[in-house]
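Read off the chains here:
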Amino acid sequence: MREFFEAGGRKLSYLDFGGPGRPLLALHGHYNEASAFGGLAEVLAPRWRVVALDQRGHGESDGAPGYERDDYVADLVAFHRHLGVGPVPLLGHSLGGVNAYQFAARHPGKVSSLIVEDIGAVVDCDWSFTTRLPAPAPSREALVEALGAVAPYLECSFRQAGQGWGFSFGVDDTVLSQKALNGDHWEDWTAVSCPTLLIRGTRSEELAGEHAREMVTRRAGRARLVELAAGHVVHHDAPEQFAAEAAAFLAGPR
């Protein structure tokens, strides 16, 4: 079910996949939106009720004048308050992963456990792919053809507008967000106190194995690394293995 709430005078959207389970909040990466977690929500039900946010400038949420680190964290504070939940597990992929661990570090009482998918404590994002995205296409099929092999990773964000097909995110907004994502975030990563699972794709060009192992080492026993045969979008490339690792971690002792 799609729901909306206000944050800072803007409309934010989220998908509550429903069910009787405990809530698990999920945050997508750039080029995606809340619906990217539909498959995971099905697998984790009924024990877990996935509630996924369309982050600012994505999906059905409003765009914003800024996409700084503090802006995203403030949205999560408003999201958590709107849901009226206590400490909850939080899962984030890429952009959503940094947002998740920064929120967990700065608001430890709101997060009981953390799953970070394929993003580091130091981010050096290349936005050249974003600026090369095709202009609106005359049909969905034409958009898929223009995107080539990456089309399956973006299809949840396809939108028809007027006579053409494009995306539910803006290119200029995404570039601003990617620029703001870059930097050294070690202070936040090491400040996270809750149990953490870091999931890395072995074919990822975003998170190197050496860096991932250093992230776990610096957390001194409070973080664990799992590597799966996948690229950057692990939950897409290895959905069954990703869901199994997430479920086992979430069910584990605290």
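Preceding this paragraph is the structure being described.
Before going into details, it helps to say that this report is about the structure given with it. (Residues numbered from 1 in each chain as written. Predicted model: local features only at pLDDT ≥ 70, side-chain atom pairs only at ≥ 80, totals over all residues. Heavy atoms only, no water.)

## Considering helix α9 (residues 209–218)
- G209, H211, A212, M215 and V216 are the residues of α9 that are buried. For α9, the buried positions fall inside an angular range of 165 degrees around the axis, keeping them on one side. Turned more than 90 degrees away from the buried face of α9, the exposed residues are E210 and T217.
- As for α9, its buried residues are in contact with β7 (122–123), α8 (186–191), β11 (196–201) and β12 (223–228).
- Positive phi appears at A220, one or two residues downstream of α9, with a value of about 50 degrees. (Buried < 20%, exposed > 50% of the residue type's maximum accessible area, 1.4 Å probe, protein only. Helix = DSSP H or I, 4+ residues; strand = E, 2+ residues; numbered from the N terminus. Arc of directions from axis to C-beta. Contact = heavy atoms within 4.5 Å.)

## Thoughts on the pattern of salt bridges
- Applying the stated rule across the entire model yields 13 salt bridges.
- Close ionic contact of D75 with R56 constitutes a salt bridge, the shortest N to O distance being 2.7 Å. Taken together, the positions of D75 in helix α2 (residues 69–83) and R56 in the loop between β4 (48–54) and α2 put the pair 19 residues apart, joining distant regions of the chain.
- Accessibility expressed as a relative area gives 5% for D75, which makes it buried.
- The closest approach of N and O atoms between E214 and R218, which form a salt bridge, is 2.7 Å. Placement of both E214 and R218 in helix α9 is noted, with a separation of four residues, approximately one turn of the helix.
- Residue classification places R218 among the partly exposed residues on the basis of a relative accessible area of 40%. (Salt bridge = Lys/Arg side-chain N within 4 Å of Asp/Glu carboxyl O.)

## Looking at the pairing of β11
- Of all the six residues making up β11, six are buried; the element is thus mostly covered by neighbouring parts of the structure.
- The alternating pattern of β11 places T196, L198 and R200 on one face and L197, I199 and G201 on the opposite face, and all of these are buried.
- Inspection of the sheet shows strand β6 (residues 111–117) paired to β11 by four bridges, in the parallel sense. Paired with L114 across the bridge in β11 is T196.
- Here β11 runs beside β12; their pairing, made up of six bridges, is parallel. Paired with T196 across the two strands is A223, which belongs to β12.
- After leaving β11, the chain enters α9 and then returns to the sheet as β12, a path that is right-handed. (Pairing = 2+ DSSP bridges. Right-handed = clockwise from strand over helix to strand, strands pointing away.)

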